[in-house]
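Remarks on the overall topology
Next come the chains, spelled out residue by residue.
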Amino acid sequence: MTTKTLFIGLDGATFSILDELIKNDKGQKAVMPFLASFYQQGTRCILRSTPNPLTPPAWVSLMTGRTPGNHGIFDFIRAEEIEGDVFFTLYDSRDCIAESIWSIANRQGKKIAALNFPFTAPPIRDLHGFMIPGFIPWRHLRRNTTPKGLYDQLKEKLPEFKPKELAWDFEQEKEAVNELSDEDREKWVQYHLPREKQWFQIAEYLLRTEAPELMAIMFDGVDKLQHQAWLFVDPGLQTGDQGSYHHRMRRLCLDYFRQLDGFLEKLVTGAGPDAQVFLASDHGFTRTTEIVRINAYLHEKGYLHWKAMPDSEAARRREDSMFANLDWTKTTAYCRTPSSNGITIRIADKAGKTGVNPDDYEAFRNRLISDLMDLRDEGTGERIIAQVHKREDVFPGAAMMEAPDLLMVLRDHGFVSIKNKLPVVEPRKEVAGTHHPDGVFLAYGPGINRGAVLDACSITDVGATLLYSLGLDVPGDFEGKVPEAMFTEVHLRQNPVRISGATQSSMKREDQEGMDDEEKQKLMAQLQLLGYLA
């Protein structure tokens, strides 16, 4: 058995950065020379992410060929209102109602390996291949690694295998991002160099010893680095007169991308000359320059109400908890998480309950949209919120009612803040990185057009393309399509795209054991530290 398809996910990769890193500039060698050759010998295009370009819905859309309204993952966490309170829990693979490409390939006898992809835990049962999920605590790595013996096999065969480096290490990540001092930020970048190497070594080992027909690995350090170190990688922010710390941090960031380029080259080489290779990101990246405190604005407009709290240390600690200080007896609309960039409208399901009368919902929502669009820059008059979408327009599908009622797009593509602080809009002390809807999609190998630049593709197209590359039919209920311009005419004649059948329903929540509540709370705390829930 040989590897037919190699897929490398680069979380948060964006052409605005990669295009600079492949250049030979002023006598300096390119930081990513292998990627430069990949560009020249392959095909590339912009990859449009999900309406909210966020890691969970985007990667799940890539893995299912379906948009969030049809797969049901909208955020890192899902929320439920009970008795005037909101309860949160993390999404996991059992919340996805669409079948993944891993499952589709598996049930058709293809041997697969999928490494570090989020929301793949608990893993597929009876998998013909290998799966090590991402986005889980290291203590849960063994029981969520499949097949059962793989974890111990890696410990035996790979001397540098260190589960604490491989998975999310809460204590180390907390140390690195809690206050974002210069020292902390330097540690943050350094932390991801050995971590990415861990994932690479596992992928290289499986390629060499098992040669799965579909080999897939995701490197998430690109996203994490760019969030905290955008100042040092954005080409538009580099000048010659910056201090020694800036130049040291930039060198460290470039070391990360240089290491990543080496991993790409070795994986492509390891897959062999007959493999088709695909690279994609879940979203792109850009700079964010301001903080928008959306719940504070909703309070000003009368939709959200805060509890009166005493001026005490305990009250200030509660201020950092999500919604500890919301007055649920009066609040009609609020933002649950910054990562959602969404507004939830509370519906009064019974007479006397707080919320909007169902008959008044549309008028209320339209008025809310108008108020959101009225938030403007006091200096220029420009709208702070560039777009507001109704959920039926951006999240149609069987799971639509789980989505926020409204989705906001800020003018700088940033994530909102939900804290009770003023002013509503405030410039950031320094430029930070944030998600952008335009990611990357590249292909290379036999049957792939050389040097082509295609029109933009949808993130749902990636899953369809990987199934096609494996020689499988694309399910008829996929929203994604195979971008045929990516392939040569000869390849398409010999391997026509086939559409047939439909996906199968996903496993039920009771089928497998997930993380316990304590571990979920730790992971949610880490997301809060990273800014997704703060």
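Residues numbered from 1 in each chain as written. Predicted model: local features only at pLDDT ≥ 70, side-chain atom pairs only at ≥ 80, totals over all residues. Heavy atoms only, no water.

Let us look at the environment of valine 424. With respect to the helices and strands, valine 424 occurs in the loop between strand E13 (406-410) and strand E14 (425-436). Spatially, the C-alpha atoms of valine 424 and valine 292 are 5.8 Å apart, while their sequence positions differ by 132 residues. The contact partners of valine 424, leaving out residues within four places of it in the chain, are Ile291, Val292, Arg293, Ala296, Tyr297, Glu300 and Leu375. (Helix = DSSP H or I, 4+ residues; strand = E, 2+ residues; numbered from the N terminus. Contact = heavy atoms within 4.5 Å.)

With that settled, the discussion passes to helix H6 (residues 150-157). Among all positions of H6, only Leu150, Tyr151 and Leu154 are buried. Relative to the axis of H6, the buried residues are bounded by an arc of 105° and lie together on one face. Buried-residue contacts for H6 involve strand E6 (129-132), helix H7 (163-166) and helix H9 (182-209). (Buried < 20%, exposed > 50% of the residue type's maximum accessible area, 1.4 Å probe, protein only. Arc of directions from axis to C-beta.)

Before going further, it helps to spend a moment on unusual backbone geometry. Alanine 121 connects to proline 122 through a cis peptide bond whose omega is -5°. The residue proline 122 is located in the loop between strand E5 (112-115) and E6 in this model. For aspartate 126, which is not glycine, the phi torsion reads 55° and is therefore positive. Locating aspartate 126 in the fold gives a position in the loop between E5 and E6. Relative accessible area serves as the criterion here: at 75%, aspartate 126 is assigned to the exposed category. The phi angle at asparagine 341 is positive, at roughly 45°, despite the residue not being glycine. Structurally, the position occupied by asparagine 341 is in the loop between strand E10 (333-334) and strand E11 (342-345). Given a relative accessible area of 4%, asparagine 341 falls into the buried group.

Along the polypeptide, arginine 185 turns up in helix H9. Between the alpha carbons of arginine 185 and glutamine 228 there is a distance of 7.0 Å; along the sequence they are 43 residues apart.

Another aspect to go through is the packing of helix H2 (residues 33-41) against helix H11 (residues 244-271). Where H2 contacts H11, the two axes come as close as 7 Å, and the packing angle between them is 55°. With respect to H11, the axis of H2 lies oblique. Residues Pro33, Phe34, Leu35 and Phe38 of H2 pack against Asp261, Leu264, Glu265 and Val268 of H11. Among the residues making up the contact of H2 with H11, the classes are represented as 6 nonpolar, no polar and 2 charged. (Axes fitted to C-alpha atoms, helices over the stretch in contact; angles between N-to-C directions. Parallel < 35°, antiparallel > 145°, perpendicular 65-115°, else oblique. Nonpolar A, V, L, I, M, F, W, Y, C, P; charged D, E, K, R; others polar.)

A separate point is the pattern of salt bridges. Enumeration according to the criterion identifies 28 salt bridges in this entry. Between arginine 44 and aspartate 19 there is a salt bridge, with its nearest N and O atoms 3.1 Å apart. With arginine 44 in strand E2 (residues 43-48) and aspartate 19 in helix H1 (residues 15-21), the pair connects residues that are 25 residues apart, well separated along the chain. Arginine 411 is the partner of glutamate 382 in a salt bridge, and the nearest nitrogen-oxygen pair spans 3.0 Å. Remark: arginine 411 occurs in the loop between E13 and E14 and glutamate 382 occurs in the loop between helix H14 (361-373) and strand E12 (385-390); sequence separation between them is 29 residues. Judged by relative accessible area, which is 43%, glutamate 382 ranks as partly exposed. Residues joined by salt bridges that share partners form a network here, namely Glu290, Asp377, Glu382 and Arg411. (Salt bridge = Lys/Arg side-chain N within 4 Å of Asp/Glu carboxyl O.)

Among the nonpolar cores identified, the biggest contains 93 residues, and Phe7, Trp102, Ile343, Leu368 and Leu372 are the most heavily contacted of them. Of all the elements, H14 adds the most residues to this core, at 6 residues. Counting residues in each nonpolar core, the second largest holds 70 residues, with Leu21, Leu231, Val233 and Leu254 among its members. (Core = buried A, V, L, I, M, F, W, Y, C linked by side-chain atoms within 4.5 Å.)

Burial analysis of strand E15 (residues 438-444) places 6 of its 7 residues in the buried class, the great majority of the element. Where E2 lies against E15, 6 bridges are found, and the strand directions are antiparallel. Its bridge partner being in E15, leucine 47 is matched across the sheet by glycine 439. One ladder, built from 4 bridges, connects strand E8 (residues 276-280) with E15; its direction is antiparallel. In the strand pairing of E15, valine 277 is matched with tyrosine 444. (Pairing = 2+ DSSP bridges.)

This paragraph deals with the packing of aromatic side chains. Each aromatic ring pair is summarised here by two numbers: the centre-to-centre distance and the angle between the ring planes. Scanning the entire structure with this criterion turns up 19 aromatic pairs. Geometrically, the ring pair formed by phenylalanine 7 and phenylalanine 117 is stacked, given 6.1 Å between the ring centres and 20° between the ring planes. With a gap of 110 residues between them, phenylalanine 7 in strand E1 (residues 5-10) and phenylalanine 117 in the loop between E5 and E6 connect regions that are remote in the sequence. Note on phenylalanine 117: relative accessible area 0%, which makes it buried. With a centroid separation of 6.2 Å and 80° between ring planes, the pair formed by phenylalanine 15 and tyrosine 39 is classed as edge-to-face. Here tyrosine 39 lies in helix H2 and phenylalanine 15 lies in helix H1, a separation of 24 residues in the sequence. Given a relative accessible area of 11%, phenylalanine 15 falls into the buried group. (Phe/Tyr/Trp six-rings, centres within 6.5 Å; stacked < 30°, edge-to-face > 60°.)

Moving on: the environment of alanine 280. By the element assignment, alanine 280 lies in strand E8. By relative accessible area, alanine 280 is classed as buried at 0%. For the pair alanine 280 and leucine 10, spaced 270 residues apart in sequence, the C-alpha separation works out to 6.1 Å.

With that settled, consider the sheet that holds E13. With respect to topology, 4 strands assemble into an open sheet ordered E10-E11-E13-E12, the strand pairing being antiparallel. Only two strands of the sheet have a single neighbouring strand rather than two, namely E10 and E12. Pairing of E11 with E13 involves 2 bridges; the strand directions are antiparallel. The partner of isoleucine 343 across the bridge, within E13, is leucine 406. Across the sheet, H14 lies against E10, E11, E12 and E13, angled at about 165° from E12, the strand it touches most.

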